[in-house]
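Results of the structural survey
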Amino acid sequence: RHVVTAGHCVKNKVLSSVIVTLGEYHLKSSREPLPDQTFRVIKAVVHPRFQFSPAADRFDVAVLRLDRPVRYAPHIAPICLPEVGRDPAPGTQAYVAGWGALIPEDVTGPLISILVPEVKRPSVLQVVNVPVITNEKCERWHNDQGIQVQIWPEMVCAGYREGGKDSCKGDSGGPLMVQQADGRWVLIGIVSAGFSCGKPGQPALEGHD
């Protein structure tokens, strides 16, 4: 009966306006082989230390309680929570999923939007693999790009020095997850912030505490 998302996605929101859909894949298809499930949210608990920030929101996580239990299905299953104190090692391959923009807004213009209307926001669920990196390296890469940002202990970074693969606007609240040797998927972060998308030396920041 609970889902996790980014704090900034629900902070100060009216609960009646928040809807949770599970099992979605193609946003513009009403005839998918596996049906989705839609829920109302009856309670939202944002991390008590959450705070908005110009660069990256701190403690950016929230737990939502649904109006009824979820019916598990082949495409709807719970994800495991990580063990306390066992952070993923640098270099661990993680995965981000969502319907966020495929091209950052700062490199697109009206012509691209007119010619390819779905170039920014896909209708089919996307997934990308990104390696976990240390917070120190993440800060250094950003600084090398002229971006002064502090990566706090409750955050985790994932991405490539050369860019190219990344989460983007619209992916916020989605999972940063790893698959363990036993096959189980573990949630290690929540997509939170970033400076543009997929640019060299600017990996994404995820809430992690």
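You'll find the structure just up there.
In this report, we go over the structure that sits alongside the text. (Residues numbered from 1 in each chain as written. Predicted model: local features only at pLDDT ≥ 70, side-chain atom pairs only at ≥ 80, totals over all residues. Heavy atoms only, no water.)

1. Some thoughts on the state of the cysteines
Tallying each qualifying case throughout the model produces two disulfides. Disulfide pairing places Cys138 opposite Cys157 at an S-S distance of 2.0 Å. Taking the sign of the S-S torsion, -65° for the link of Cys138 and Cys157, the bridge is left-handed. With Cys138 in helix H3 (residues 135-144) and Cys157 in strand E7 (residues 155-158), the pair connects residues that are 19 residues apart, well separated along the chain. A relative accessible area of 0% places Cys138 in the buried class. Taking the relative accessible area as the measure of exposure, Cys157 reaches 0% and is therefore buried. Cys168 shares a disulfide with Cys197; S-S distance 2.0 Å. Judged by the sign of its S-S torsion, about 80°, the bond between Cys168 and Cys197 is right-handed. Of this pair, Cys168 sits in the loop between E7 and strand E8 (175-179) while Cys197 is found in the loop between strand E9 (185-193) and strand E10 (204-207), placing the two residues 29 residues apart along the sequence. In the chain, the cysteines engaged in disulfides, taken in order along the sequence, are linked 1-2, 3-4. Cys9 takes part in no disulfide bond, and the closest cysteine sulfur to it belongs to Cys168, at a distance of 14 Å. (Disulfide = S-S within 2.5 Å. Helix = DSSP H or I, 4+ residues; strand = E, 2+ residues; numbered from the N terminus. Buried < 20%, exposed > 50% of the residue type's maximum accessible area, 1.4 Å probe, protein only.)

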